[in-house]
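Chains, contacts and geometry: an overview
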2 protein chains.
Amino acid sequence: MSASLATSEDPSAAEQAAFVTAVAQRLATFMAEKRTFLAEISPESLVLVDSIRDLVTGGKRMRAILCYWGWRGAGGADSSEAIVTAGAALELFQAAALIHDDIIDRSDTRRGGPSVHRRFSALHAQNGWALDEERFGNAAAILTGDLCLSFSEEMFANLGNTASSHARWVFNTMRTEVMAGQYLDILEEVSGPGKPHETAVARAAAIIRYKSAKYSSEHPLVLGGALAGAPQKLLNGYSAFALPLGEAFQLRDDVLGVFGDPAKTGKPAGDDLREGKRTVLIGLTIEAAGKADRDFVDSNLGRSDMSEADIERICAIIFSSQALARTEEMIDSLSGSAFSALAELPIANDVSYALSLLGQGAVSRTA
Amino acid sequence: MSASLATSEDPSAAEQAAFVTAVAQRLATFMAEKRTFLAEISPESLVLVDSIRDLVTGGKRMRAILCYWGWRGAGGADSSEAIVTAGAALELFQAAALIHDDIIDRSDTRRGGPSVHRRFSALHAQNGWALDEERFGNAAAILTGDLCLSFSEEMFANLGNTASSHARWVFNTMRTEVMAGQYLDILEEVSGPGKPHETAVARAAAIIRYKSAKYSSEHPLVLGGALAGAPQKLLNGYSAFALPLGEAFQLRDDVLGVFGDPAKTGKPAGDDLREGKRTVLIGLTIEAAGKADRDFVDSNLGRSDMSEADIERICAIIFSSQALARTEEMIDSLSGSAFSALAELPIANDVSYALSLLGQGAVSRTA
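The structure displayed is predicted, hence computed values, not measured ones.

**Structural notes on the relation of the copies chain B and chain A**
Aligned on chain A, chain B shows an RMSD of 0.0 Å; the corresponding rotation is 180 degrees and the shift along the axis is 0.0 Å. Taken together, the turn and the small shift mark the pair as related by a two-fold rotation axis. Residue by residue, 100% of the interface of chain B is reproduced at the interface of chain A, so both copies engage with the same surface.

**Considering unusual backbone geometry**
Residues and elements named next belong to chain A. Unusually for a residue other than glycine, Arg-61 sits at a positive phi of about 60 degrees. Here Arg-61 shows up in the loop between α2 (46-57) and α3 (62-73). Look at Arg-61 and you get buried, because its relative accessible area is 6%.

**Observations concerning the environment of Phe-37 of chain A**
Tracing the backbone shows Phe-37 of chain A in helix α1 (residues 13-41). Along the backbone, Phe-37 of chain A and Glu-329 of chain A are 292 residues apart, and their C-alpha atoms lie at a distance of 52 Å. The residues touching Phe-37 of chain A, leaving out its near neighbours within four places in the chain, are Thr-173, Thr-176 and Glu-177 of chain B.

**Looking at the pattern of salt bridges**
In a structure, side chains of opposite charge can pair up when their charged atoms sit close to one another. One pass over the structure, following the stated rule, counts 58 salt bridges over all chains. Linking Lys-277 of chain B and Asp-105 of chain B is a salt bridge whose minimum nitrogen-to-oxygen distance equals 3.4 Å. One end of the pair, Lys-277 of chain B, is in the loop between α11 (271-275) and α12 (280-288); the other, Asp-105 of chain B, is in helix α4 (residues 81-105), with 172 residues separating them in the sequence. In this structure, Lys-277 of chain B and Asp-105 of chain B share a single accessibility class: buried. Here Glu-153 of chain B and Arg-175 of chain B are joined by a salt bridge, their closest N and O atoms 2.6 Å apart. Note that Glu-153 of chain B is positioned in helix α6 (residues 133-157) and Arg-175 of chain B in helix α7 (residues 165-191), a separation of 22 residues in sequence. Accessibility expressed as a relative area gives 2% for Arg-175 of chain B, which makes it buried. Where salt bridges share partners, they join Arg-35, Asp-50, Arg-53, Asp-54 and Arg-119 of chain A into one cluster.

**Comments concerning the domain arrangement of chain A**
Residue and element names in this part refer to chain A. Considered domain by domain, chain A is made up of domain 1 (1-162) and domain 2 (164-367). Spacing between the C-alpha centres of domain 1 and domain 2 amounts to 23 Å. Taken together, the contact between domain 1 and domain 2 spans 38 residues of the former and 40 residues of the latter. Taking the shortest distance from any N to any O, the salt bridge between Arg-168 and Glu-153 comes out at 2.8 Å. At the boundary of domain 1 and domain 2, one finds nine residue pairs in polar contact (both at pLDDT 80 or more). Contributions of two or more residues to the side of domain 1 that touches domain 2 are made by α3, α4 (81-104) and α6 (133-157). Sorting elements by how many residues they give to the side of domain 1 that touches domain 2 places α3 first, with ten residues. Of the residues contributing to the side of domain 1 that touches domain 2, the split by class is 20 nonpolar, ten polar and eight charged.

**Remarks on the side chain of Thr-285 of chain B**
Residues and elements named next belong to chain B. Position of Thr-285 among the secondary structure elements: in helix α12. Residue classification places Thr-285 among the buried residues on the basis of a relative accessible area of 1%. Discounting residues that sit within four places of it in the chain, Thr-285 has contacts with Ile-317, Ile-318, Ser-321 and Ala-323.

**Points about the environment of Ala-248 of chain B**
Residue and element names in this part refer to chain B. As for its position among the elements, Ala-248 is in helix α9 (residues 232-259). Expressed as a C-alpha distance, the spacing of Ala-248 and Met-330, which sit 82 residues apart in the sequence, is 7.4 Å. Leaving out residues up to four positions away in the same chain, Ala-248 has contacts with Ile-331, Leu-334, Ser-335 and Val-363.

**Focus on the packing of aromatic side chains**
Across all of its chains, the model carries 18 aromatic pairs over all chains by this definition. Each ring, one from Tyr-183 of chain A and one from Phe-136 of chain B, has its centre 6.2 Å from the other, and the planes form 45 degrees; the classification is tilted. Of this pair, Tyr-183 of chain A sits in helix α7 (residues 165-191) while Phe-136 of chain B is found in helix α6, placing the two residues in two different chains. Per residue, the accessibility class of Tyr-183 of chain A equals that of Phe-136 of chain B, and both read buried. Members of the aromatic cluster, each reached through a chain of ring pairs, are Phe-120, Trp-129 and Phe-136 of chain A together with Tyr-183 of chain B. One cation-aromatic arrangement involves Arg-313 of chain B over Phe-296 of chain B; the distance from NZ or CZ to the ring centre is 4.0 Å. Positioned above the aromatic ring of Phe-249 of chain B is the side chain of Arg-365 of chain B, whose terminal nitrogen or guanidinium carbon lies 4.0 Å from the ring centre.

Parameters and conventions
- Residues numbered from 1 in each chain as written.
- Chains lettered and ligands numbered in written order.
- Predicted model: local features only at pLDDT ≥ 70, side-chain atom pairs only at ≥ 80, totals over all residues.
- Heavy atoms only, no water.
- Least-squares fit on C-alpha atoms with pLDDT ≥ 70 in both.
- Contact = heavy atoms within 4.5 Å.
- Helix = DSSP H or I, 4+ residues; strand = E, 2+ residues; numbered from the N terminus.
- Buried < 20%, exposed > 50% of the residue type's maximum accessible area, 1.4 Å probe, protein only.
- Salt bridge = Lys/Arg side-chain N within 4 Å of Asp/Glu carboxyl O.
- Domains from an automatic or database assignment.
- Polar contact = N/O pair within 3.5 Å; in protein donor to acceptor, adjacent residues only side chain to side chain.
- Nonpolar A, V, L, I, M, F, W, Y, C, P; charged D, E, K, R; others polar.
- Phe/Tyr/Trp six-rings, centres within 6.5 Å; stacked < 30°, edge-to-face > 60°.
- Lys NZ or Arg CZ within 6 Å of the ring centre and 35° of its normal.

Here it is as structure tokens:
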């Protein structure tokens, strides 16, 4: 769902770019206000707000953009303050999720810089502070994520009466579902090996639905529609498009996490295997592989010290079990459902075109 | 600020008890709804909501009660749904803060049960799951705290138009300040030893102001007033009462954390010293002690493996440096300011009486 796919040949490109700029400006203004506020508490607390500001300065603004087109498809005006506010709230929520995700996944980098907990542990090391630098980094990043989560809500609350009760419901539901989905994800990492391999695919599919597809695709699009007062029928159509699209996006992400070109993805080869992510791709592998191969995958997945040879052997098992081919088939099937639903949406051509570009980018990307 | 101090002789006791019951019922209903919602995602995700429910079932409801009397003092009706909603939102926010605090402080217990991260790591151990139980416990508790933070906001947003822009501002400010204050607290633990000992008291005073006094005392009372549409003059009077009271409360807490009776506080003797909390009590010690004693305190504070003899030596230094006596003087002085301000508040006698009981409980308690 790369925003860069909207080129100058696309009539909606300029409009989308203007929206992205407006969201960036809103976030910059908001963070500058927070910086002034925190400076009065203590200059030493500014690193909290600077960490958030740096994080929300980057990113593809995928969720905000989907929210925008959901709004436009439902007749929302292109220069409305409300949709910029909603987009900024989504971006702040995503930043909060990333800060805490990176602690949970022990990720060192994010959006081209150090992850927030690494930034704080580096600050500790540079200053030669007492006690443990990793523990300080994690503690400070927990608090920074909490602050960012509060900022997201503060931004959303700026909508006031503009947010219908349905829009508020979507925002609340999105938060609950993504946190439950993230929990199921970390639960699967530890409990998956002991569960029946016949249900591994179903378990992984539930995780990507809540953690990714609903959160990153369906809810942002529906939120935009709900803010513009869309009838339930249109919102259902949005879901029929965005849910399978989000699932296809995540399946593509899972494939890239194992087989992607590190030069393009920015992640080391096999990173997802060392992290122990039990994706649909892994579920299909475990379901189809023989016992020896399955046991090898189960006992090595999540070992951060896995050797290159072990990584290669797991990749070979994924390949020979047909799991990769079946995942690609699933991506095709889900994309087909998404684009069929898109074709039936009663929305303006330029909105439909913008959504189709986002959709194509989501499933055919290489990074 | 023990709610139990409001006895049957107090005319406001029944009213306060009815409010506390209403908040508990509201929380129970809300959590039951969330349980139904999460059950549809996955029965395995129910532990998230059960952890939150168990946490919000306990506690003294101190912040909710202050909010209530702030509301009543400003003319709010005693049977209003709005103040129950605000009280429930404060309780959910406090639960979220506790969940994340306990990860940061590595606390094993909370409100008579295991802390949330310990609950999840025990679940991991009981089931013999793969990978690391402590890491799983922390990750799951980060997500549970995030969910609880979102629930708090969802509850507050239920106020809709009932919440004036000023009430919303207080709620937002409270969140930002407490997170900044908590950061300054963990920063002081690691950077305090390298900073001038002459400013240790000032630094500790800033931390308790933002982390405790404003969050736990001033903002809840002012929030209640703002919800009832109190004029700014009354809100200023609330601050003049609740801010020094909250500071005195925290100073008392710091004294109990070192010198309290473990049988009454429920915390092991010297627990705060092993945690490395750099309180005003410690600041006064460092300011007044000779170099050898100061270095001993600086180099041992925060060592989780400190011996009983080391703990006793630090206690002796706190005592001989007059830091304990000076802290008690500060508590007296702050209490004096608070009760003077209370006497001048233009509020009904029963509200004033309820606040004075809360205030007396806050500063003279032994647990």
